[in-house]
Structures are given as structure tokens and as C-alpha cells.
Amino acid sequence: MDHLICVDIQDREIGNATKEECHKKGLLHRAFSVFLYHEGKLLLQRRALEKYHSGGLWTNACCSHPRCQESLTEAVERRLYQELSVVCSCEEVGEFIYFHKFHNEMYEYEYDHVFIGQYYGEISPDKEEIMDLKWMEIADLSESMLHNPEQYTVWFLTAAPMVIRKLTGGKKPG
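The structure presented is a predicted model; accordingly, all values stated were derived computationally and were not measured.

Parameters and conventions
Residues numbered from 1 in each chain as written. Predicted model: local features only at pLDDT ≥ 70, side-chain atom pairs only at ≥ 80, totals over all residues. Heavy atoms only, no water. Phe/Tyr/Trp six-rings, centres within 6.5 Å; stacked < 30°, edge-to-face > 60°. Lys NZ or Arg CZ within 6 Å of the ring centre and 35° of its normal. Pairing = 2+ DSSP bridges. Helix = DSSP H or I, 4+ residues; strand = E, 2+ residues; numbered from the N terminus. Salt bridge = Lys/Arg side-chain N within 4 Å of Asp/Glu carboxyl O. Buried < 20%, exposed > 50% of the residue type's maximum accessible area, 1.4 Å probe, protein only. Contact = heavy atoms within 4.5 Å. Core = buried A, V, L, I, M, F, W, Y, C linked by side-chain atoms within 4.5 Å.

**Student:** Would you mind showing me how to read the packing of aromatic side chains here?
**Tutor:** Any pair of aromatic rings gets described here by the distance separating the centres and the angle formed by the planes. For the structure shown, the criterion picks out seven aromatic pairs. These aromatic residues form a ring-pair network of at least three members: Phe35, Tyr152 and Phe156. Against the face of Trp58 rests Lys134, its NZ or CZ located 4.2 Å from the ring centre.

In C-alpha cells:
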């Protein structure tokens, strides 16, 4: 069973726990969100309905957790390939902490590192993880997030504006 890296609020490692323990006990743990872009568009995935939370919601290209003894870069490369069959270099553009209670026995409390990579090529999604994919214009995505936030994952609503600012140089998309 994979163990995740538990951290303090400054992302310093303080231990480890199973994924189930982290999410049942609300333990702060290291995570990452990857955004892929090209020509003013971001790749969005719609999470499979069978996912243990946030099934059917739209989110960034890939997200997960590094395992113990695994660097963020290694984890990003591993999950991009496992979820999308994509090999792409990515750079970290920011980080944030979020906490969300889904129900009495399910919490997300993550120190999320946000990565971006430029990619346009073949994508082969893992159907157990992803039910749909689409490339979306940044301006259209910004409008959709403003008017339909319930269609997106909790972390995406914080991470996407960070990525959009980076890609547009702070200018209004469109």
C-alpha cells in the first residue's frame, strides 16, 4: 500500500500515512495538480463517476500525491503517464493549502503544488480515472468557472486562476 507524505503548513515532512488514513482523518499531506496547455487552451478532465470523491466534476489534466521517497517531479511524470499516457516536462508555478469536508468520513486536506506543461499530442486517458477530456479556451473556462463553480473540483477553483494568471501574464483572458 502506498504511503503519502504528511506535512506541516510550510510543507515540511512530518511523517507518512496511507491514502485512506490521510483522507479519513483529515491529515495534511503533499499533493500536486498538473495543467497542460497549448495555444490559449487548457486540457480539462472529467473525473470518472466511480472516483471516491468528486466523480463527474471537471478538473485539471492530472492530480495525485507523491509517494514516500518520491520527488514531486517523479510523481508528476509518473501520474501524467499513468492517467493520460503523456510524457511532458512541467514547471511548478505555485502552491496552496486547502481543506474540504466531503462527508463525515472523507476529508481533503492538501498542500497542493501546481505544475504546468505545454503539450499537444496523443492522449490516451485511463478510463478508471477519467470519463471525458476537452481542450478549453482560457477565456471560456474563466467564464464557466465564474458562473458554474459547482461543475469543478474544489482544488481546481483555487489552482486554475493561478495558472491562468501565469499563462496570460495577468491580462484578462480573451
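Back to the text.
**Student:** Explanation requested: the pairing of strand β2 (residues 13-18) in the structure shown.
**Tutor:** Strand residues, when the strand is regular, have side chains that alternate between the two faces of the sheet. Bridge analysis of strand β1 (residues 3-7) against β2 gives five bridges, and the strand direction is antiparallel. Each bridged residue has a counterpart across the sheet, and for Val7 the counterpart in β2 is Glu13.

**Student:** Please clarify how the pattern of salt bridges should be interpreted in this entry.
**Tutor:** When their charged atoms lie close together, side chains carrying opposite charge are able to pair. Tallying each qualifying case throughout the model produces eight salt bridges. Residue Arg30 pairs with Asp11 through a salt bridge whose shortest N-O separation is 2.9 Å. Placement of Arg30 in strand β3 (residues 29-38) and of Asp11 in the loop between β1 and β2 is noted, with a sequence separation of 19 residues between them. The residues Arg30 and Asp11 share a single accessibility class, namely buried. The salt bridge involving Arg79 is made with Glu83; its shortest N-O contact spans 2.9 Å. Residue Arg79 and its partner Glu83 are both found in helix α2 (residues 72-84); the two are separated by four residues, about one turn of the helix.

**Student:** Honestly, the side chain of Ser33 in this entry has me stumped. Any pointers?
**Tutor:** By the element assignment, Ser33 lies in strand β3. Note on Ser33: relative accessible area 1%, which makes it buried. Setting aside anything within four residues of it in sequence, one finds Ser33 in contact with Asn60, Cys62, Cys63, Asp112, His113, Val114, Phe115 and Trp155.

**Student:** Explanation requested: the nonpolar core in the structure shown.
**Tutor:** A general feature of soluble globular proteins is that nonpolar side chains tend to end up buried together. Grouped together as the largest cluster of nonpolar side chains are 21 residues, with contacts concentrated most on Phe35, Leu141, Tyr152 and Phe156. Elements represented by at least two residues in this core include exactly β4 (41-47), β7 (91-103), β8 (106-118), α3 (138-147) and α4 (154-168). Looking at this core, the element that brings in the most residues is α4, giving seven residues. Not counting the four nearest positions on each side in its chain, Leu141 is found in contact with Leu42, Leu44, Met136, Tyr152, Phe156 and Ile164. Of all hydrophobic cores here, the second largest spans 16 residues; its members include Phe32, Ala61, Val76 and Ile130.

Such coordinate-based values are descriptive only and should not be taken to indicate function.
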